[in-house]
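# Tertiary structure, described
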Amino acid sequence: MQQNSSGDGQAMAMAKHIGSGIRKETFIHQEVQDKGRRRRRPTAAVSLPFSLCSDGEELRHDGEDSDREQQRQRPAVTDGDLSRRRTAISLSSIFYFCSFPLLMGGSTLTFVLLMGGFHPSTRHPFHLFVSSKAPTRTTRMDNDGLKPMDAEQLRDYGHQMVDFIADYYNSIESFPVLSQVQPGYLRKLIPDSAPNHPESLQNVLDDVQAKILPGVTHWQNPNYFAYYPSNSSVAGFLGEMLSAGLNIVGFSWITSPAATELEMIVLDWLGKMLKLPEHFLSTGQGGGVIQGTASEAVLVVLLAARDKALRKVGKNALEKLVVYASDQTHASLQKACQIAGIHPENCRILKTDSSTNYSISPDLLTEAISHDLGVGLIPLFLCATVGTTSSTAVDPLLELGKISKSNEMWFHVDAAYAGSACICPEYRQYLNGVEETDSFNMNAHKWFLTNFDCSALWVKDRNALIQSLSTNPEYLKNKASEANMVMDYKDWQIPLGRRFRSLKLWMVLRLYGLENLQCYIRNHIQLAEHFEALVAQDPRFEVVTPRIFSLVCFHLLPHHNNEDDGNKLNHDLLDAVNTTGKIFLSHTVLSGKYILRFAVGAPLTEERHVNAAWKLLQDEASTLLAGDPVE
Ligand SMILES: *Cc1c(COP(=O)(O)O)cnc(C)c1O
């Protein structure tokens with residue numbers, strides 16, 4: 001990879017290599033009115049967000065903090081203030097237009113203003129030049145409003161925001177789980193352009209309540225059973241908050257040594273909890289890194305594998321590289337192949353069926369590889385899954401690992417969802433064979449109480465990643481990196497900038513502890529077992545694949561056992577239950593059959609929610625079947 005130290009060299013070089021990354025940042029300025037809302041200050045350990053095995057009690061001290069109360073008495077900007085300010089603006093405009101002939105002498109200025117696109121009716125830019133008492137300046141923010149940063153304002157408004165969020169969780173069951181709005185609903189409710197003047201936080205929160213929450217699908221609602229869960233937790237939230245508070249950009253060790261070092265340590269911790277092989281730990285040749293998503297994880301390891309292979313066989317061999325996966329592999333692999341320049345005709349999608357419970361057949365893989373070798377292609381990469389997205393199928397890692405090894409392929413395992421369960425000894429068996437892999441990924445942001453986003457990736461050979469993704473522009477050079485004494489995570493990922501995400505994972509691991517996390521997983525699996533038993537008791541329904549983790553795949557049987565009828569029936573059933581807003585399920589298709597997915601995993605879900613969901617499914621099924629009489 002060439003070195004490039006010019007302006008945008010780092011990004012350009014990376015883009016040339018793989019495409020470009022996107023970074024999202026938000027900064028909101030607003031003027032805030034104090035409302036003196038009740039607040040509480042939690043002082044004790046965080047309790048698990050579920051009832052089964054939480055032994056820590058959440059202690060709270062109610063009451064107000066008087067000195068902070070005084071700070072909240074600061075005068076707020078009132079409507080009166082605003083109208084006085086508007087009057088001042090108007091007066092300064094009149095003054096400007098009266099002195100227009102004088103200014104005509106300075107026609108260059110007028111020209112510049114017009115060229116600059118300033119419409120004569122736009123008052124602010126003009127009075128900047130003509131009124132020394134202008135109430136608004138471009139260089140200083142309004143003192144009465146929200147400052148870019150002010151510790152006491154942060155404390156005050158931060159408390160208000162935490163109260164708002166806590167109230168949200170208190171009332172979360174009152175919202176329809178699946179948002180019931182129509183496309184484009186929000187344009188009608190929100191102004192066309194951003195405000196010129198600050199608004200109060202209360203106004204904004206009122207809008208959140210009235211306009212935003214109706215358009216939210218409530219992933220944390222205990223009646224959420226769709227896709228896979230995306231857990232939030234008190235610990236994860238606190239970590240996210242701290243990370244937002246410090247707001248560092250930890251691309252190199254030097255930019256915040258703690259961010260790099262904590263990430264290495266915490267991923268070693270999690271790697272040990274999962275009993276990953278030693279070579280995945282940072283003490284060896286490998287190590288862990290937090291990616292934003294499983295999609296980024298598979299992309300970066302595919303790039304590492306590609307470049308490692310091209311170094312060996314020559315860079316013109318790109319069109320010969322073959323990637324293997326199954327028809328159950330997550331679509332993120334396909335996207336990764338597109339970005340990495342793998343030729344579409346070299347993506348082998350192995351067929352699966354119910355005979356292997358939708359896992360990859362090692363025989364089919366061997367056959368495909370022999371065929372490819374026979375026509376001069378080069379096997380590059382195998383992606384196996386532990387817990388597929390459709391049905392939690394588990395590919396046989398041990399056998400696939402042997403095949404990968406003998407063909408010198410990079411072997412990646414995607415355990416985005418089910419990886420979390422493997423911290424329990426009774427589920428660790430599904431990772432047997434992980435010793436044979438080159439990289440392993442699990443999403444802490446799915447089922448591991450870590451707020452989105454936090455995707456843990458481990459690689460056996462970190463140099464492969466670094467050789468593929470590192471750049472070394474002048475403006476980032478520093479002593480520690482040059483001396484090779486440190487890890488620079490910018491070289492393990494697509495973007496340069498990176499958040500301090502290890503904080504929230506560290507919080508989750510420390511504030512809950514391994515045993516509680518195991519209980520958390522087991523509780524959800526038991527609830528899924530319970531749901532599976534309920535389905536099995538109703539002869540109108542069928543459990544479609546054996547349940548392994550906390551997902552139940554099932555469907556309603558049509559009267560005449562006609563596949564088309566069955567697909568429509570189940571589609572209609574899904575639609576019917578989801579439009580009630582009471583629960584939210586999603587679907588998949590397995591062997592041509594439309595299947596309903598019931599994924600237990602929201603932190604607040606209890607048995608009563610599962611029972612109510614099942615009752616609703618039964619009731620809606622009865623209604624549908626009544627309209628579809630037996631002929
Ligand atoms: C959810 C999921 C993904 C995608 O996860 P992102 O982090 O959103 O990219 C990939 N693979 C599997 C098996 C998944 O379940």
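Calculation notes
Residues numbered from 1 in each chain as written. Predicted model: local features only at pLDDT ≥ 70, side-chain atom pairs only at ≥ 80, totals over all residues. UniProt positions renumbered as here; feature names shortened; annotations may be inferred. Axes fitted to C-alpha atoms, helices over the stretch in contact; angles between N-to-C directions. Helix = DSSP H or I, 4+ residues; strand = E, 2+ residues; numbered from the N terminus. Parallel < 35°, antiparallel > 145°, perpendicular 65-115°, else oblique. Left-handed = near helix turned anticlockwise from the far one by under 90°. Contact = placed C-beta atoms within 7 Å. Nonpolar A, V, L, I, M, F, W, Y, C, P; charged D, E, K, R; others polar. Core = buried A, V, L, I, M, F, W, Y, C linked by C-beta atoms within 7 Å. Buried ≥ 20, exposed ≤ 12 C-beta atoms within 10 Å, placed from the backbone. Pairing = 2+ DSSP bridges. pLDDT = per-residue confidence, 0-100. Arc of directions from axis to C-beta.

In the annotation of an unreviewed UniProt entry, the entry for the protein chain reads Tyrosine decarboxylase, and the organism field reads Acer saccharum. Quoted straight from UniProt, the Cofactor (unreviewed entry) entry for the protein chain says "pyridoxal 5'-phosphate". Under the UniProt heading Sequence similarities (unreviewed entry), the note attached to the protein chain is "Belongs to the group II decarboxylase family."

## Observations concerning the packing of helix α10 (residues 257–273) against helix α18 (residues 502–537)
Where α10 meets α18, the closest approach of the two axes is 9 Å, and the angle between their N-to-C directions is 40 degrees. Comparing their axes, α18 and α10 come out oblique. Like other packed secondary-structure pairs, α10 and α18 cross with a definite hand, here left-handed. Contacts between α10 and α18 involve Ala-259, Leu-262, Glu-263, Val-266, Trp-269 and Met-273 on the former and, on the latter, Ser-502, Leu-503, Leu-505, Trp-506, Leu-509 and Leu-514. Grouping the constituent residues of the contact of α10 with α18 by class yields 10 nonpolar, one polar and one charged.

## Looking at the nonpolar core
Counting 135 residues, the largest nonpolar core has Phe-225, Val-300, Leu-380, Phe-381 and Phe-531 as the members making the most contacts within it. Broken down by element, the residue count for this core peaks at 16 residues, all from α18. Residue contacts for Phe-531: discarding those within four places in its chain leaves Val-552, Phe-598, Val-600, Val-610 and Trp-614.

## Side note on the sheet that holds strand β12 (residues 586–590)
Taken in spatial order, the four strands of this open sheet run β10-β11-β13-β12, and their pairing is antiparallel. The strands lining the two open edges of the sheet, one partner per strand, are β10 (541–543) and β12. On average, each strand axis in the sheet is inclined to that of its neighbour by 40 degrees, with strand direction left out of account. In this structure, β10 lies alongside strand β11 (residues 551–556), joined through three bridges in antiparallel fashion. When the sheet's bridge partners are listed, Glu-542 is paired in β11 with His-555. Relative to the sheet, helix α19 (residues 563–579) contacts β11, β12 and β13 (593–599), its axis offset from that of β13 by approximately 30 degrees.

## Let's talk about the confidence of the model for the protein chain
Per-residue pLDDT for the protein chain has a mean of 84; in total, 77% of the residues score no lower than 70. Of the regions scoring below 50 in pLDDT, residues 1–7 engages in 13 contacts with residues more than four places distant in sequence or in other chains. Within the model, the stretch residues 49–132 combines pLDDT values under 50 with 71 contacts to residues more than four positions away or in other chains.

## Structural notes on the pairing of strand β8 (residues 439–443)
With respect to burial, β8 is a largely interior element, five of its five residues being buried. Neither face of β8 is left uncovered, since the one carrying Ser-439, Asn-441 and Asn-443 and the one carrying Phe-440 and Met-442 both have all their residues buried. Judged from the five bridges that link them, β8 and strand β9 (residues 455–459) form a sheet pairing that is antiparallel. Counted as the bridge partner of Asn-443 is Ser-455 from β9.

## Comments concerning the sheet that holds strand β5 (residues 347–350)
The seven strands lie next to each other as β3-β9-β8-β7-β6-β4-β5, forming an open sheet whose pairing is mixed. The sheet is open, and its two edges are formed by β3 (287–291) and β5, each paired on a single side. Direction aside, neighbouring strands of the sheet carry axes that sit 20 degrees apart on average. Two strands pair when backbone bridges link them, and β3 and β9 are joined in this way by five bridges, in the antiparallel orientation. If you follow Ile-290 over to β9, its bridge partner there is Ala-456. This element, helix α11 (residues 294–313), spans β3, β4 (321–326), β6 (378–385), β7 (410–414), β8 and β9 of the sheet and lies at about 160 degrees to β6.

## A closer look at helix α14 (residues 397–406)
Those residues of α14 not exposed but buried are Leu-397, Leu-400, Gly-401, Ile-403 and Ser-404. Projected down its long axis, α14 shows its buried positions confined to an angular sector of 165 degrees, all on one face. Exposed residues on α14 whose side chains face more than 90 degrees from its buried face are Leu-398 and Ser-406. Contacts made by the buried residues of α14 are with α13 (362–374), β6 and β7. Phi turns positive, to about 50 degrees, at Glu-408, one or two residues after α14.

## Here we look at the packing of helix α9 (residues 234–246) against α18
Packing of α9 against α18 leaves a shortest axis separation of 8 Å and a crossing angle of 145 degrees. Where α9 crosses over α18, the handedness of that crossing is right-handed. For the pair α9 and α18, contact is made by Ala-235, Gly-236, Leu-238, Gly-239, Glu-240, Leu-242 and Ser-243 and by Leu-503, Lys-504, Trp-506, Met-507, Val-508, Leu-511 and Tyr-512, respectively. Its residues placed into classes, the contact of α9 with α18 shows nine nonpolar, three polar and two charged.

## Considerations on the UniProt feature "modified residue: N6-(pyridoxal phosphate)lysine" (unreviewed entry) in the protein chain
Here the UniProt feature "modified residue: N6-(pyridoxal phosphate)lysine" (unreviewed entry) sits at Lys-446. Along the chain, Lys-446 falls in helix α15 (residues 444–447). Overall, Lys-446 belongs to the buried group, with 26 C-beta atoms counted inside 10 Å. The residues touching Lys-446, leaving out its near neighbours within four places in the chain, are Tyr-228, Pro-229, Ser-230, Asn-231, Ala-416, Tyr-417 and Ser-420.

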